[in-house]
Every structure is written in structure tokens, then in C-alpha cells.
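Understanding the architecture of this molecule
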Amino acid sequence: MKKVLFILCIALCYVAAAKNTPVLKGNLSGRITDAKTGTAISGATVFITDIKVGTSSGADGSYNFKNIPEGTHLIEISHIGYTTYAESITVNGDSKKDFTLSGAVVENNTVIVTGVTGATQLKKVPFAVSVMRKQDFLQNTSTNIIESLTKIGGVSTLSTGPAISKPVIRGLGYNRVLTVNDGVRQEGQQWGDEHGIEVDEASVNKIELLKGPASIIYGSDAMAGVVNIITNVPVQANTLKANISSNYQTNNRLRTINANIGANKNGFNWNVYTSNKAAEDYRNKYDGPVFNSKFNEHNIGGYAGYNGDWGYSHLLASNFDLKAGLVEGERDADGYFIKELPGGNQARATDEDFKSTTPLIPYQHIRHFKIATDNSIKINKNRLAFNVGYQQNQREEFGNVDDPSERSLFFDLKTITYTGQFHFAEKNGWKTSIGVNGMQQDNTNKGVEQLIPDYSLFDFGTYLYAQKVIKNTTLSGGIRYDSRNVDVKNLMDGTTIKGQAFTKSFSNISGSVGIASQVTDKLNLKFNVARGFRAPSIPELASNGAHEGTIRYEYGDNNLKSETSLQFDGGVEYNAEHISLGVTAFLNSFDNFVFYRKLLGAGGSDSLVNVNGDLLTAFKFDQRKATLAGFEATVDIHPHPLDWLHIQNTFSYVRGTLKDAIEDSKNMPFIPAPKLTTEFRGDFKSLNKNIKNAYVKVELDNTFTQNNIFTAYNTETKTSGYTLLNAGVGADLFTKKGTQLCTLTFSAINIGDVAYQNHLSRLKYAAENLATGRTGVYNMGRNFSIKLNVPLSFKI
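To start, this report covers the structure provided alongside it. Predicted model, so just to flag it, every value in this text is computed and none were measured.

1. Here we look at the overall build of the protein
- Within the protein one finds six helices and 49 strands.
- Against the globule reference of 28 Å for 796 residues, the protein gives a C-alpha radius of gyration of 26 Å, in line with a compact fold.
- Taking the principal axes of the C-alpha coordinates as reference, the protein spans close to 80 × 55 × 45 Å.
- Taken across its 796 residues, the protein has 57% of its residues classed as buried.
- For the protein, the proportion of contacts with a sequence separation of at least 24, taken over those separated by at least 6, is 65%.
- A total accessible area of about 32,000 Å² is found for the protein, and carbon and sulfur atoms account for 55% of it.
- Side-chain charges of the protein comprise 81 positive and 76 negative groups, with the mean position of each set lying 7 Å from the other.

Below, the structure written as C-alpha cells:
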């Protein structure tokens, strides 16, 4: 903690020095109107990303910024029912600029900050980035924030029941997908199946998801892509805003209550949020209530800071607290779920057990505390951005019914992350930045058992990134150097050493180069080549043990080498008045791809390890050359004169192969099945004075059979395809005076109550139901959801 306080003091010194740096100030004002009718648009959000300043348009469509730094700023204008618009505006003295917004189509002109060093229009980046906003999450139904991302083509989830989901991008997950939260690299136990993303769902304002290697900006672990979660966004000047929201879902009786309040007065801005979530065991047609899939979650967080003409400085803090049951799927001969009792006894789970929201043994308790400083300082025409964060991730597993307080596993992970970027002033169309980032990490075992040893890790990277705009074409790319050192201690089993200590170093040079060209107003082309890098994780290097959450025993290999990849990524986007088309294809070649495979016993069957009387299947990490290839395609039809109607089809396909076959199998393990989603959606900006921004949608979610499996050592099995029917309706409700009362949404998921197993569900490999002959546990059945969001706003 002393290190954190020291770094915070340095940050404050920078901020104090910046306040004394003279900055020329300007004003920007204008009006926002509907492109088709010319009428004023009230309540449009106007945001300047690089200085984190925003406002909204008044009843006459007017907006106004005062005392902002002179120079070129990327302005983003958004409103529900309209396509987001972005444009670079030069502010010099009293500047004026009017904007027009068109009806919503596929977003390609929004502002993003992921995979680049500064705010950039989406159509000007050469790689694939998708954006989801708060209203998108409000209109979707899911039990956690990551499940909502599966609406994006090429994105799947690896799930362990409704509480835990991990993002899988184009067939890659775990440590190959990097999560960033408010500029800070999220560090938990992301290497495990049952370790989710420790971010409060209700606090999220926006998520940017980058598909493809992003090692040049983020370093190791960003091989598959980046999930950039943005929570803390200042409210407009001289305003106090609050929100109260709630969600109820019928399947597992999930209930949530969330609240946040924030204000901005004379540059001082802050926000505080809290959320509470509880769910019983979920249900499906085959399993009935799934024993111990219950969970409860309690979170709190916020930020405080100052925005001035010199830049901004914010201090962020959050605390995530989740208790989730671990589903083992054990049943008696009649097919009823059983629970463990003290003394080695067992009994059938009761209705009271299913209806409780307090997990029973085995369960996990996850706490994630984070504090960080986020700063941007204008230095003449240049800008310095930096953040420093401290995180403590504590994950406890409880698995002993004879001693419920005993921690079978207890990982205590402490991480300090740092990022610094210096952005040179734009010159002759060139935007150039240099940066450094990395982390110091220490893990300590405090439980009875050790799956991975205690270790220390230091990571450092530095890079150069540049963009050049030539008329309607943007060239971008850069180069990066990374170094990671790990010091791994002895892996202990009581007083016995079962894994020797070792030290390892990994280094790499990576880079990317790409082009985005707006050929016409309707046609946009993109192409990118990137080299990715990932150092092996500690579990891959040094694990030797089992835990309740995985239903397997894992062996690491400290001779593993760094993963490297070379990806070619190309895309075509066509946006016309009544149709939008988008196709993105990729080819990703890996050296030393790390995966786990089953071990064979002496008799040719699965190798089993006896752990306290339970026989667990043994897996070992291995490496091979591999190739991933695939594409995502989207077609959005909005026919004239039914401009309110959208018929959107999104198809995703990925194929993974190993260069050399293993037991006659060349398929990479655990690759998502092809998926086609068709949505019929009607958007209605204003039904009357009291009902606005209404929508109604019907969705067919088609997941195809996955036959391309890794059959060696019986590692995985085929998964049948399925089709889910979903629907939703919602609107903003207003008073006669035009004040918004609330947003109300209804959703229905899996209306046909289809019994299915997702190919990436860990529960698919749970124990066989002897009464039916079915293996594993099935996903959630029919589910209805109602969400209520009440916004409050006051001028101060």
C-alpha cells in the first residue's frame, strides 16, 4: 500500500504543476436537429472524450460548452433512436457548430478509445470494434454483464452457471482476452473456468469490444481481443443526476436493486453507485431446479475528481463481492440432485434448498477491491495521460461440509498496474503517441490446499503508435517491446513439496499496421495485420492440483514457451438508407498455442487422480502450432416506407485446427459452434407525449451443431444445435410537461423452454444422470424479465 500512496502523491504533483500551465480557453455551442424533419432534438448527449466533458441539448436542441481548451477535439453526439455521429472540431475562441442526426442504422461513426492511444472515430480504425451502451444492456436480458456481449458477432461465453461467464472472442478466451475497466487492466483469477469478470453490471455506461490481437497497446494477454468496460463518466456541468433501477427474472427469481448518484459543479465531479443481486437455483425442462446454482452479489463504488482547462484527474474505487454455488451435478439413481452432509452422508436436495439464495457447500466467495487514479494533462499542444491502480482479488473456495469455515482454496492476489501515454500534437495529419504500461503482481495461498504456488510477477512494456490521415484514408500502426519476469515458489502439499520453485523470463517484439478507407459515403474498407503475444500463465506453468470448481485435476509444465500469433483481418462495410452490410474475416496463425488435454491411464482409459475419495480426470497443458480462421457477417434491412422496421441477421463462424494431429484429431478444443441470430425490431421515437423511444423485437437465436471437436483423449464431445425464441418490448415514459418518469422493459428468453447445452458450458461435462442417461447439466429454461429504471436530474 505504501507504493500506491507514493504513486498517488506523484500523480497529484503532476496535477498541481499542470494547473499552473497556461491554457487557452474557448467556447463551443450549436444546435442539434433531425436530419429528415429539421426539428430540434432534445436530450442528445454531446461528449468530448479526450477531456471527459459532456453536456446535453435543451428543448430547442441547443448545446453549449464553456471554458474548454482550444484546439482540435473529437465531438460525439448520441441519442436513443439515432445513429451516433462524431466529428473533429477545432475550437478557437467562440466557436459554433450545428449537427444533424439520422435514424438509427448500424453504428460505424461512434467514438472509441480501445486499441488506439486516443479518441478515434470507429470508421477510421483498421480492426473490428463493437460498441454496446447502457440502453443496450437495459433492453437485453442476462444474469451477468458478459452474457449480454453474445449479441455481438464472433463473441461467445464460457459459462459455469448463471453467475459466472467469461468472454470468448473468435474462439479464444481465458488469459487471451484482456478486460480493461476505466483504463485499468482487470487482474483477478481469469485463468480459471469458474472465475468471471469482477465488475458491477449496473455501473457500466459503455463497453467497447475489440476483436483481434491488441498486444501493441496492452501487451501480453490481449491476443484474442479486449473488453473495455467504461463505468465512470462525468455528468454534465452544474447538474446532479441519480438513477434507481431494478430487475426481476422469473426462472431463478433473480432480483436486483441498483442506485447511483453523481454531480458536477464548477469542475468538481463525482459519482457513487451500489447494487445488490440475489438468485435462487435456475431451472430447465430436463434437470428441474439445478442444485446450488444460486448466488448473491453486493457491490459499491464510484469516483471523485476535477476537470479543468488543463485536463482532468479522477480517483476511482470499487468493491465487488460475490458468493456463488459450484454446481457438481451429482444425482442419485432416481435422478434427484444430492447434497453432501457432515460425516460423509448424503441426502436429496429439498425445495427449501432450491429456493435459498445462500450457496451451500461447495461454493466460492470472490472479493475484488480496486483503487486507481486516472489523469490527463494538457502540456501546450501535447497531452500526457497516465493512471495507476491497485487491486486485491481474494477468491475463497469452501468444500468441507464437516468444517464449513475451512477454505479449501484461498488465492490472495495483489496487483499494481501502471500506464503512461504522451500524445504529441497533431502535425500534417500525423497523430503520434509513445507509451509504457505494466504491472507488479504477488499471489499468496492462504487455503488448506494449493492448486498454484505463491509467485511474484513483474511486467513492463513500451510502444510507439501513429496514425496518418490522407483525405478519406487512415493509416495506423506501431511497434512494441514486452518483458515479463516470474518468480515461482515451491508448490506445497502440507509440508511436502510437490512442485519445485523456478524463475522464468519472457520477452517479445510485437506490432501492427492497418488501413481504413472510406471509399464513398456508403462504403468503408478495412485491413489490418497484427502480431500478438502472451506469456504462459502461472497455472499453465506450475499447477498441480484440483478444486471443486473445475471437476478436473490439472498439471502445468514450466517448459512452456510464449504464445505468438500473426493475424490478418479484413472488413467491408456498406451503409445505405435502407440496407446495411458488414463482413469481417480473419486468419490467425499461432506458434506454441497452449491448451489442456486429458491424460491416459495405463489401461488406455482416462487417467484419474484420487482426491479425498473423489476420482478426478487428469489434464495436462500442452503446446502445438495452430490456426484459427473465420468470419462475421451482418445484414440489416430497414425498408422504405417502414423506416421504423429493422430486420437484422448476424452470422458467426470460427474454425480452429492444429498443425499436427493428436490421435488423428486436428481440431482445436472448445471452439464455439456457428451461430445465426435473426432479429425483427421496430423502433418508435415518439408514440405520443407520454411514450417515447419505444421498441418491440422478436429474435431467433440459432446455434448450429458443433461436430469439429478435439476427440483425442476424450477431451470433448459433440454438441447438438438448438434454436431459441426471444422477444422484448419497452419504452421511456414521460409526464405531460416532458419530464422523464422511467424506462420500462419486458423480455422473454427461450420462450419455447428448449432444453439445450451450450458447447462452451462447463456444466456439460458434469456427472451422468443415471435415471435418464443424459450427461451433464443443461442451460437455463424459459425466463421472463422486467426492468425498471427511474432517472432523476437537477440543476445545481
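2. Side note on the sheet that holds strand β3 (residues 53-56)
- Here four strands make up an open sheet; going across it, the order is β3-β2-β5-β6 and the pairing antiparallel. Whereas interior strands pair on both sides, the edge strands pair on one side only; in this sheet they are β3 and β6 (85-91). Recorded for the sheet is a direction-independent mean angle of 25° between the axes of neighbouring strands.
- Inspection of the sheet shows strand β2 (residues 45-48) paired to strand β5 (residues 71-78) by four bridges, in the antiparallel sense. Bridging from a neighbouring strand, T45 pairs with S78 of β5.

3. Digging into the sheet that holds strand β17 (residues 225-230)
- Spatial strand order, β11-β16-β17-β14-β15: five strands in an open sheet with mixed pairing. Single-partner strands in this sheet number two, and they are β11 (128-133) and β15 (184-185).
- In this structure, strand β14 (residues 177-181) lies alongside β17, joined through five bridges in parallel fashion. Counterpart to T179 in the pairing with β17 is V227.

4. A look at the pattern of salt bridges
- Summed over all chains, the structure comprises 33 salt bridges.
- In this structure, the salt-bridge partner of D374 is K52, at a minimum N-O distance of 2.8 Å. Separated by 322 residues along the polypeptide, D374 in strand β27 (residues 363-379) and K52 in the loop between β2 and β3 bring together distant segments of the chain. When sorted by exposure, D374 lands in the same class as K52, which is buried.
- Residue E76 pairs with R133 through a salt bridge whose shortest N-O separation is 3.0 Å.

5. Let's talk about unusual backbone geometry
- The omega torsion across I361 and P362 is 5°, close enough to zero to call that bond cis.
- For K52, which is not glycine, the phi torsion reads 50° and is therefore positive.
- Its identity as a non-glycine residue notwithstanding, N693 has a phi of 50°, on the positive side.
- Within the secondary structure layout, N693 lies in strand β46 (residues 691-703).
- A residue is classified by how much of its surface remains accessible, and N693, at 15% relative accessible area, is buried.

6. What to know about the side chain of T719
- Considering the arrangement of structural elements, one finds T719 in the loop between β46 and β47 (722-734).
- Under the relative-accessibility criterion, T719 is labelled buried at 6%.
- In this structure the side chain of T719 is engaged in a polar contact, spanning 3.3 Å, whose partner is the side chain of K764.
- Beyond its immediate stretch of four places on either side in the chain, T719 contacts T705, Q706, Q757, N758, H759 and K764.

7. Digging into the nonpolar core
- Counting residues in each nonpolar core, the largest one holds 33 residues, and the members touching the most others are L149, I207, V227 and L628.
- Mapped onto this core, the elements with two or more residues apiece are α3 (145-148), β16 (206-211), β17, β40 (579-598), β42 (614-637) and β43 (645-662).
- The greatest single-element share of this core, amounting to four residues, is contributed by β40.
- With sequence-adjacent residues up to four places away left out, V227 is seen in contact with L149, P167, I169, V177, L178, T179, V180, I207, E208 and L209.
- The next biggest cluster of nonpolar side chains, apart from the first, holds 23 residues, and it includes L409, F411, Y596 and F619.

8. Here's the deal with the side chain of S156
- With respect to the helices, strands and loops of the structure, S156 is situated in strand β12 (residues 155-159).
- Those residues in contact with S156 that sit more than four places away from it in its chain are T150, K166, P167, V168, P672 and L760.

9. Quick look at the pairing of β11
- Where burial is concerned, most of β11 is hidden: five out of the six residues are buried.
- Note that β11 and β16 share six bridges and pair antiparallel. Considered in β16, the bridge of S130 is made with L209.

10. A word on the packing of aromatic side chains
- In this structure the tally under the stated criterion is 18 aromatic pairs.
- Summarising the aromatic geometry, the rings of F291 and F354 are spaced 6.4 Å apart at their centres and angled 75° between planes, so their arrangement reads as edge-to-face. You can see F291 sitting in the loop between β22 (288-289) and β23 (295-308) and its partner F354 sitting in helix α5 (residues 351-355), a full 63 residues away along the chain. Side by side, F291 and F354 carry an identical accessibility label, which is buried.
- Each residue in the set Y63, F65, Y85 and F99 is aromatic and connected to the rest through ring pairs, giving one cluster.

11. Some words on the environment of Q394
- Checked against the element boundaries, Q394 lands in strand β28 (residues 382-398).
- Judged by its relative accessible area of 15%, Q394 falls in the buried class.
- Measuring from C-alpha to C-alpha, the distance between Q394 and D321 comes to 9.7 Å, with 73 residues separating the pair along the chain.
- Non-local contacts of Q394, meaning those with residues more than four positions away in its chain, are made with H365, I366, R367, F410, F411 and D412.

12. Some points on a nonpolar patch on the surface
- Judged by side-chain polarity, I470, L475, I515, F527, L566, F568 and L587 come together as a nonpolar surface patch covering roughly 560 Å² of accessible area.
- For I515, the location among the structural elements is in strand β35 (residues 502-518).
- For I515, a relative accessible area of 33% translates into the label partly exposed.

What counts as what
Residues numbered from 1 in each chain as written. Predicted model: local features only at pLDDT ≥ 70, side-chain atom pairs only at ≥ 80, totals over all residues. Heavy atoms only, no water. Helix = DSSP H or I, 4+ residues; strand = E, 2+ residues; numbered from the N terminus. Rg over C-alpha atoms; globule rule 2.2 N^0.38 Å. Buried < 20%, exposed > 50% of the residue type's maximum accessible area, 1.4 Å probe, protein only. Contact = heavy atoms within 4.5 Å. Areas by Shrake-Rupley, 256 points an atom, 1.4 Å probe, with all protein chains shown as cover. Lys, Arg positive; Asp, Glu negative; His and termini not counted. Charge placed at Lys NZ, Arg CZ, Asp CG, Glu CD. Pairing = 2+ DSSP bridges. Axes fitted to C-alpha atoms, helices over the stretch in contact; angles between N-to-C directions. Salt bridge = Lys/Arg side-chain N within 4 Å of Asp/Glu carboxyl O. Polar contact = N/O pair within 3.5 Å; in protein donor to acceptor, adjacent residues only side chain to side chain. Core = buried A, V, L, I, M, F, W, Y, C linked by side-chain atoms within 4.5 Å. Phe/Tyr/Trp six-rings, centres within 6.5 Å; stacked < 30°, edge-to-face > 60°. Patch = residues over 30% accessible without salt bridge, like charges linked within 9 Å, V, L, I, M, F, W, Y side chains within 5 Å.

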